[in-house]
Amino acid sequence: MNSSMPHRIKLLFFIFFFSASTLLAQNTKLINPALLKSNWSANWIAAPNSPSKEYGVYHFRKSFSVNVIPNSFVVNVSADNRYRLFVNGKAVCSGPARGDLYNWYYETIDIAPFLVEGNNTIAALVWNMGVLAPVAQISNQTAFLLEGNGDAEKTVNSNKSWKVFKDEAYLPCSTNNAEKLRTYMVVGPGDSVMASKYPWGWEQTNYNDAAWLNAKVIASPASVGYGTDNLWTLKPSIIPQMFERKQSINLLRKINGELVNTSFAAGNAAIKKAGTHSTISLLFDQSFNTVAYPTLVVSGGKDAEIKITYAEALFDKNGTKGNRSVIEGKNIMGNYDVFVADGSSNRTFRPLWFRTYRYIQIDITVKEDPIEINDFYGMATGYPFEVKANFTSNDASLKEIWDIGWRTAQSCAGETYFDCPYYEQLQYEGDTRIQSLISLYVTGDDRLMRKAILDFYHSRVPEGLTQGRYPSSRLQVIPTFSLFWVSMVYDYWMHRKDDAFIEEFIVPITGVLDWYEKKIDQEKKMLGPMKWWSFVDWNLSFENGVADGATDGNSAVITLQYVATLEQAAKLFKQFGKLEQAKHYQALASQLKAATYAQCFDARKNLMANTPEKKAYSQHASIMGVLTGAVPTSQEKMVMQNVLKDTSLSQATFYYRFYLNQALKKAGMANSYYAELKPWRDMIANGLTTFAENPDPTRSDCHAWSASPNYDYFATICGIIPTQPGFAAVKIEPALGELTHVKASMPHPSGTIAVEFTKTNNNGVEASIELPTKVGGVFIWNGKTFILHAGAQKIKVG
């Protein structure tokens, strides 16, 4: 909440970015090295006489004088749960990046650009959601920390000289979302704010804080590897600051339940004003699903209650979403905020945390004083990816899939990857592996992927497995997702040259693989019964997503996933000199896949069964059979043809279709991919503007595991994949399907890979390929192989 926000609706699309290069050091270059090795001189501080672990919102201030504006003024800042930092009234950063108590992140920023000669004020809004906090939020207790980087900045160190105010304007609301929506929802409460109790202007230099209390010191900070009684163990943030970009909300679909479909900005006074003792209900349509901080500016309306409800889609009387763009006969249902006006002019409401929405309904109940809506917009937010890839083809409809896929991936990326931004905002390995590959191919930015790999590394339980999602305040172990974590490390190794980073995961990878090895049924040479939640896919046949045989033994799907992971690990371990382990893992993989094929392959059906009993069949078992080579090469195509045409099989959802496509490629059927985009076309036809978790009826309308086309446009249609670690060499084997022309480019650690393919008569092709310096590889078309070299080259086949 910031009283200095703009007040009138603007028709132009205005963009604002927090500049990561100006505001935030994403490496240790700005950090005083002493902070990485010893205790800090600042203190963790809190409000005196306030509960330390319960819900609360607090304002901290420190005033100081500057005679001459310095070239730099670097501070390190963190809080529990979260903070938003202001300098002289200007918001400069938010955080901390989500981690855990052993890896509590802090941001390092240079605030010199925001200082003035004379009096200056650093102010921080800090909040703790207590037991209502998002499950993704780990916490110890309410606290704030700010450390000047050196002697020149020590004057602003957090200590008892800071002032603090407990804000009684805030209360939690919308705390029953899970019950209301009848689903799993754990993103925290809404904000109920009473404007009459809010300390307006508190972040400004001229605010009078004489009545505020001095903060109390609660702990001394310490970095990782130091300290003897740590409440938080500090580590520099390794990701950039999230962006914020202004986003207009102009489409008004309903007024008081009546359809209008008009522009809010162009509306008459009755839309923007509500008279004494009146009510008004306004349904806005962003026109696409988004992640943003909705911002509402109002004047007048003393004691008027404003309820702001957010939803990805509207529901009919049966709880069905239907076409997402159709609103007739539907109502909004979802999480909400409440703002009670105090009658003053240009009061601004902004929630503490972002909201996810396509639709927003504002319900205003006016009492004695009329109210006017001065402005309403969103501040879109998320990880600051920069799209560097480009894809065009003779089928213009592929661009819409690309655009919606990227919106989905971007909406599911913040301080961690999210499975979904509306319901959970949790980072799961199964989702994150796909998201990471999308990030690498579309943006070239690997920082969030590195953080995700580290997050899961930090999550390990004593058994050796990673947790299934992390950061998380609740324990959840998904052993199959531990395997995907190993696959993520392998993916990073193949796409980036960073042996020092990879090598630290060799031991924990061993822990994951050993857990599974202990579960092998020595008689059948398949995995036996396993504990925890062996999730595979949310299809209609796997109870709670768990494949047949996971809990009672001999699951073909999971045994073969373990085989695939063993083979990836064998390559990794060989690279790092662990030759005996590499041989063991390869031998074990060969034994397991031979036994699984022998006992689960049904020669009559030409399919893999889910278990040796051959009572149930899924696409998943055959997908993994082909991917691992358990199914002999001579049978791969027949098996995958049956996988595609046999509708009696338990079907792969959007998530597992990522692996379906990899199996098609392995079987030499990559040209089928273009036709297999029908589920994504169907979602678009049904009005979705981000890709959903599952086919309807679905919970989440935005799930990043369904954005895999943004990877496969390059990895499958263009056929670009690394063949040596660090993307040192490349294979380009395009699979255009029915397409006749494709032009694309994607980032590479050494530059850009650019390709253009035009089909010619007799299934020939004219190819233009440009590779970065020192990168070579092969081009394959219809079984013919051509050597590629760095730079530009043209190849004609047929």
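Each chain has its residues counted from 1, following the order in which its sequence is written. Only residues with pLDDT of 70 or above have their local features reported here, since the model is predicted, and side-chain atom pairs are shown and tallied only from 80 upward, although totals for entire chains, interfaces and linings are computed over all residues. The side-chain figures draw on all heavy atoms in the structure; neither hydrogens nor water molecules are used.

Quick look at the overall build of the protein now. Only DSSP runs of H or I reaching four residues or more are called helices, and only runs of E reaching two or more are called strands; each is numbered from the N terminus. Scanning the protein from terminus to terminus reveals 16 helices and 38 strands. Rg of the C-alpha trace for the protein: 28 Å, near the compact-globule value of 28 Å for 798 residues, within the 12% margin. Projected onto the principal axes, the alpha-carbon positions of the protein cover approximately 80 × 65 × 55 Å. Burial classes follow relative accessibility: with a 1.4 Å probe on protein chains only, a residue under 20% of its type's maximum area counts as buried, one over 50% as exposed, and anything between as partly exposed. Here the protein, with 798 residues, has 63% of them falling under the buried criterion. Long-range contacts, defined here as pairs at least 24 residues apart, represent 74% of the contacts in the protein between residues at least 6 apart. Surface accessibility of the protein: about 29,400 Å² in total, with carbon and sulfur atoms responsible for 51%. Here Asp and Glu are counted as negative and Lys and Arg as positive; His is not counted, and neither are the chain ends. In plain terms, the charge of a residue is placed at NZ if it is Lys, CZ if Arg, CG if Asp and CD if Glu. Measuring between centres, the 78 positive side-chain charges of the protein sit 2 Å from its 74 negative side-chain charges. The quantity called the radius of gyration is restricted to C-alpha atoms. Its globule counterpart is 2.2 Å times the number of residues to the power 0.38. Whether two residues are in contact is decided by their heavy atoms: any pair within 4.5 Å suffices. For every accessible area listed, the method is Shrake-Rupley and the probe measures 1.4 Å; residues are considered covered only by the protein chains on display.

Moving on, we come to the packing of helix 10 (residues 556-575) against helix 11 (residues 579-600). Under this scheme, a helix contributes an axis fitted over its contacting stretch, all axes are lines through C-alpha atoms, and angles between N-to-C directions fall in the 0 to 180 degree range. Where helix 10 contacts helix 11, the two axes come as close as 8 Å, and the packing angle between them is 155°. The angle between helix 10 and helix 11 falls in the class roughly antiparallel. Considering the relative orientation of helix 10 and helix 11, their crossing is left-handed. Mapping the contact onto sequence places A556, T559, L560, Y562, V563, L566, E567, A569, A570, F573 and K574 in helix 10 and L579, Q581, A582, Y585, Q586, L588, A589, L592, K593, T596 and C600 in helix 11. Its residues placed into classes, the contact of helix 10 with helix 11 shows 15 nonpolar, four polar and three charged. Our angle categories are set so that under 35 degrees counts as roughly parallel, over 145 as roughly antiparallel, 65 to 115 as roughly perpendicular, and the remainder as oblique. Crossings are assigned a handedness: left-handed for a near helix turned anticlockwise from the far helix by less than a right angle, right-handed for a clockwise turn. Ten residues, namely Ala, Val, Leu, Ile, Met, Phe, Trp, Tyr, Cys and Pro, are considered nonpolar, four, namely Asp, Glu, Lys and Arg, are considered charged, and the remaining ones, Gly among them, are considered polar.

What follows is about the pairing of strand 37 (residues 784-788). Relative to strand 37, strand 36 (residues 776-781) runs antiparallel, the two sharing five bridges. If you follow G777 over to strand 37, its bridge partner there is L788. Hairpin connection from strand 36 to strand 37: two residues lie between these consecutive antiparallel strands, with N782 at a positive phi of about 50°. Note on pairing: two strands pair once DSSP finds at least 2 bridges between them.

Let us look at helix 14 (residues 657-666). Counting buried residues in helix 14 gives eight out of ten residues, a clear majority hidden from the surface. Where helix 14 is buried, its residues meet helix 5 (429-442), helix 7 (479-495), helix 12 (619-628), helix 13 (633-645), helix 15 (678-685) and helix 16 (709-717). Within two residues after helix 14, G668 carries a phi angle of roughly 75°, on the positive side.

With that settled, the discussion passes to the sheet that holds strand 33 (residues 741-748). Spatially, 26-33-34-35-38 is the arrangement adopted by the five strands of the open sheet, whose pairing is antiparallel. A single partner strand is all that each edge strand has here, and the edge strands are strand 26 (390-393) and strand 38 (791-797). Direction aside, neighbouring strands of the sheet carry axes that sit 10° apart on average. Judged from the four bridges that link them, strand 26 and strand 33 form a sheet pairing that is antiparallel. Residue pairing across strands places T392 opposite K743, the latter belonging to strand 33.

Below, the discussion takes up the sheet that holds strand 4 (residues 82-87). Pairing is antiparallel across the open sheet formed by six strands, whose spatial order is 5-4-7-2-9-12. With one partner strand each, in any of the chains shown, strand 5 (90-95) and strand 12 (213-214) form the two edges of the open sheet. Across six bridges, strand 4 lies against strand 7 (residues 118-128) in antiparallel orientation. For Y83, the partnering residue across the bridge sits in strand 7 and is V126.

Packing of helix 13 against helix 14 leaves a shortest axis separation of 9 Å and a crossing angle of 145°. Here the hand of the crossing between helix 13 and helix 14 comes out left-handed. Of the residues in helix 14, those touching helix 13 at E636, M640, V643 and L644 are L660, A663, L664 and K666.

With that settled, the discussion passes to the pattern of salt bridges. Two side chains of opposite charge can pair, provided their charged atoms sit close to one another. Criterion for a salt bridge: a side-chain nitrogen of Lys or Arg within 4 Å of a carboxyl oxygen of Asp or Glu. Enumeration over the complete set of coordinates arrives at 31 salt bridges. Across the pair K321 and D701 runs a salt bridge whose closest N-O atoms are separated by 3.1 Å. Taken as a pair, K321 in the loop between strand 21 (305-311) and strand 22 (336-340) and D701 in the loop between helix 15 and helix 16 lie far apart in primary sequence, 380 residues in all. The exposure class of K321 is buried, given its relative accessible area of 8%. Taking relative accessible area as the criterion, D701 reaches 3% and is therefore assigned buried. Members of the salt-bridge network, linked through shared partners, are K321, R324, D696 and D701.

Take unusual backbone geometry next. Cis rather than trans, the peptide bond between Y470 and P471 has omega equal to 0°. If you trace the backbone, P471 turns up in the loop between helix 6 (447-458) and helix 7. For the bond running from D696 to P697, omega is 0°, close enough to zero to count as cis. You can see P697 is positioned in the loop between helix 15 and helix 16. Although it is not a glycine, S174 adopts a positive phi angle of roughly 50°.

Here we come to the nonpolar core. In this text, buried Ala, Val, Leu, Ile, Met, Phe, Trp, Tyr and Cys residues form a nonpolar core when linked through side-chain atoms within 4.5 Å. Judged by nonpolar contacts, the single largest core of 154 residues is most densely connected at I732, F757 and F779. Judged by nonpolar contacts, the second largest core, of 44 residues, contains V57, F86, A91 and V193.

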